[in-house]
Every structure is written in structure tokens, then in C-alpha cells.
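These are the residues of each chain, in order.
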Amino acid sequence: MLVGVLALQGAFIEHEKSLRACGAETRQVRLPGQLKDLDALVIPGGESTTMGKLLIDYQLLEPIKELAQNGMPIFGTCAGLIMLSKDVVGSKQPTLGLMDTSVQRNAFGRQVDSFETAVSIPVLGGKSYPAVFIRAPYIQSVGPGVEVLAAYDEKIVLARQGSLLAAAFHPELTDDLRLHQYFLSLVSTKKF
Ligand code: GLN
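Not measured: the values here are computed from a predicted model.

**Observations regarding the overall build of the protein chain**
Line of reasoning, step 1. A tally of regular secondary structure across the protein chain gives five helices and 12 strands.
Line of reasoning, step 2. Radius of gyration (C-alpha) of the protein chain: 15 Å, near the 16 Å computed for a compact globule of 192 residues.
Line of reasoning, step 3. A principal-axis box enclosing the C-alpha atoms of the protein chain has dimensions of 40 × 35 × 30 Å.
Line of reasoning, step 4. In the protein chain, which comprises 192 residues, the share counted as buried stands at 53%.
Line of reasoning, step 5. Taking the intrachain contacts of the protein chain between residues at least 6 apart in sequence as the baseline, contacts between residues at least 24 apart amount to 64%.
Line of reasoning, step 6. Summing over all exposed atoms, the protein chain offers an accessible surface of approximately 8600 Å²; the carbon and sulfur share of this is 48%.
Line of reasoning, step 7. In the protein chain, 18 side chains carry a positive charge and 19 a negative one; their mean positions are 2 Å apart.

**Examining helix α5 (residues 178-189)**
Line of reasoning, step 1. Over its 12 residues, α5 runs 16 Å from end to end, which matches the ideal 16 Å to within 8%, given 1.5 Å per residue.
Line of reasoning, step 2. Residues Arg-178, Leu-179, His-180, Tyr-182, Phe-183, Leu-184, Leu-186 and Val-187 constitute the buried set of α5.
Line of reasoning, step 3. Lys-190 sits one or two positions beyond α5 and adopts a positive phi of about 50 degrees.

**Looking at the nonpolar core**
Line of reasoning, step 1. Leu-6, Ile-64, Ile-74, Phe-133, Leu-158, Phe-169 and Leu-179 are the most contacted members of the largest nonpolar core, which totals 67 residues.
Line of reasoning, step 2. Counting residues per element, this core draws most heavily on α5, at six residues.
Line of reasoning, step 3. Not counting residues within four places of it along the chain, the set of residues in contact with Ile-64 comprises Leu-6, Leu-35, Leu-41, Leu-55, Ile-74 and Leu-96.

**Examining the packing of aromatic side chains**
For any pair of aromatic rings, the description consists of the separation of the ring centres together with the inter-plane angle of the planes.
Line of reasoning, step 1. Within the structure shown, the criterion is met by 10 aromatic pairs.
Line of reasoning, step 2. Their ring planes at 35 degrees and their centres at 6.2 Å tell us that Phe-108 and Tyr-152 sit as a pair that is tilted. Taken together, the residues span a long stretch of sequence, with Phe-108 in the loop between β6 (99-104) and β7 (114-119) and Tyr-152 in strand β10 (residues 147-152) at a distance of 44 residues.
Line of reasoning, step 3. Phe-108 gets classed as buried once you look at its relative accessible area, which sits at 13%.
Line of reasoning, step 4. Between Phe-115 and Tyr-152, the aromatic rings sit 5.8 Å apart at their centres with planes inclined by 40 degrees, giving tilted as the arrangement. Residue Phe-115 is located in strand β7, and its partner Tyr-152 is located in strand β10; the two are separated by 37 residues in the primary sequence.
Line of reasoning, step 5. Assessed through its relative accessible area of 25%, Tyr-152 is described here as partly exposed.
Line of reasoning, step 6. By way of ring pairs, the aromatic residues Phe-108, Phe-115, Tyr-129, Phe-133, Tyr-138, Tyr-152 and Phe-169 are connected into one cluster.
Line of reasoning, step 7. Over the ring of Tyr-138 we find Lys-155; its NZ or CZ atom is 5.5 Å from the centre of that ring.

**Some remarks on the pattern of salt bridges**
Oppositely charged side chains are able to pair whenever their charged atoms sit close together.
Line of reasoning, step 1. Counted by the stated rule, this structure contains six salt bridges.
Line of reasoning, step 2. Of the charged contacts in the structure, one is a salt bridge between Asp-153 and Lys-155, with a shortest N-O distance of 3.4 Å.

**Points about the site of the ligand**
Line of reasoning, step 1. The full set of residues close to the ligand is Gly-45, Gly-46, Glu-47, Ser-48, Cys-78, Ala-79, Ile-82, Arg-105, Asn-106, Ile-134, Arg-135 and His-170.
Line of reasoning, step 2. At 2.9 Å, a backbone N or O of Gly-46 approaches an oxygen atom of the ligand.
Line of reasoning, step 3. Compared with its free state, where it exposes 290 Å², the ligand has 98% of that area covered by protein.

**Description of helix α3 (residues 61-69)**
Line of reasoning, step 1. For α3, the set of buried residues is Leu-61, Ile-64 and Ala-68. Along α3, the residues classed as buried sweep out an arc of 75 degrees about the axis, all on the same side. Among the exposed residues of α3, those oriented more than 90 degrees off its buried face are Glu-66 and Gln-69.
Line of reasoning, step 2. Just past α3, the residue Gly-71 takes up positive phi, approximately 105 degrees.

Reading the values: rules and limits
Residues numbered from 1 in each chain as written. Predicted model: local features only at pLDDT ≥ 70, side-chain atom pairs only at ≥ 80, totals over all residues. Heavy atoms only, no water. Helix = DSSP H or I, 4+ residues; strand = E, 2+ residues; numbered from the N terminus. Rg over C-alpha atoms; globule rule 2.2 N^0.38 Å. Buried < 20%, exposed > 50% of the residue type's maximum accessible area, 1.4 Å probe, protein only. Contact = heavy atoms within 4.5 Å. Areas by Shrake-Rupley, 256 points an atom, 1.4 Å probe, with all protein chains shown as cover. Lys, Arg positive; Asp, Glu negative; His and termini not counted. Charge placed at Lys NZ, Arg CZ, Asp CG, Glu CD. Expected span 1.5 Å × (residues − 1). Core = buried A, V, L, I, M, F, W, Y, C linked by side-chain atoms within 4.5 Å. Phe/Tyr/Trp six-rings, centres within 6.5 Å; stacked < 30°, edge-to-face > 60°. Lys NZ or Arg CZ within 6 Å of the ring centre and 35° of its normal. Salt bridge = Lys/Arg side-chain N within 4 Å of Asp/Glu carboxyl O. Near = heavy atom within 4 Å. Polar contact = N/O pair within 3.5 Å; in protein donor to acceptor, adjacent residues only side chain to side chain. Arc of directions from axis to C-beta.

This is a description of form; function is not addressed.
Below you can see the structure in the form of C-alpha cells.
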């Protein structure tokens, strides 16, 4: 399985490490041609306004949108979750607009810029998940096609809409591979 990792900016190397540890092949994506033959794409954390601008400048926004609309699975984490969302509260920044969600950026308060906490994610089984939040967004509201997979502090932090998976935290910064494995299992079984 070949998984592209959007590598315009942000935490893409860590995602590649996690994906490889799960047995996938990876490819850094910076140019439209590098989207060819991918089984799936990961959009990492970073800075969503910058990432949106770069997606337009590198002519990746429309091709990624089209591939996703044709069924290519995408896993967006943190800024990647923002990029997947149709709506960003109070902002007109460019996004892929694929998930029927409304997100709040930098939503966990200024005093606590980053923190790690145990989050219960029922689809991953019993043990809680060590979620790392860094100036994290959360999903404020979801449309009917969106399945909420986890919440923290009553805020939605993990959701899925068909082949699209979005996490407010950084699964690539922990040794726990279960969320990457979950995404890859969706990709290989096409259960969406
Ligand atoms: N705060 C960033 C944004 O709004 C996201 C932070 C992250 O990806 N770690 O784009």
C-alpha cells in the first residue's frame, strides 16, 4: 500500500515513520504528479492558513479534492483536520472543504498551548489513546454523514466521514500506532 504524505510544511516526517512502522510505503507529496497511484493521503499538522496557500500555489488543492471525491481516503491531523473541513469558524481561509464539519482553530485556550492526555477512542479497543494536542482545533459541529469517534472535554477531536478521517491531535508524535493502523485498515478493506 502506498500512502502519500503532504509535505509542504509541518509534521510530515513523523507521519511517514508511523505509516512505515505499520507496514505501508510512503511518498512525500509536493507536486501534483506525486499524487499518482496513491492508495491514500495523510495531511499533517502545521499551520493551516499557510498550508492552504501552499496547496493553491503548488496546484494541489483541486487535484486532491477531486481524488477524494472519487474515493481516495485522507487522514488529516490537526491543521490537516482544518484542511478537510468545509467550515472554519470566523475564517475564510482556503480548505479542501471535503468534510461536513465546522471547526474552531486554536480552541483549547492560550495558556495550554500543548498537552498530552488520555482519550478514549472506542473504535481502537479498550485502552485509552495518548493524544498530543498542539494549538489544536476541535470540531464544533458535524453534519449527518459524520461519525464522531472521540471527544475530549466535551469537544469532538476525532471524526470520520466515509473515507475521510480527521484528528485534532498528533498521532504521529506517539509510539501508539493504533490510529494509523485503523486508517490503513479502512484503506485496505475499503470499509466506508
Ligand atoms: N493552530 C494550527 C492551525 O490553526 C494547527 C496546529 C497544528 O497543526 N499543530 O493551523
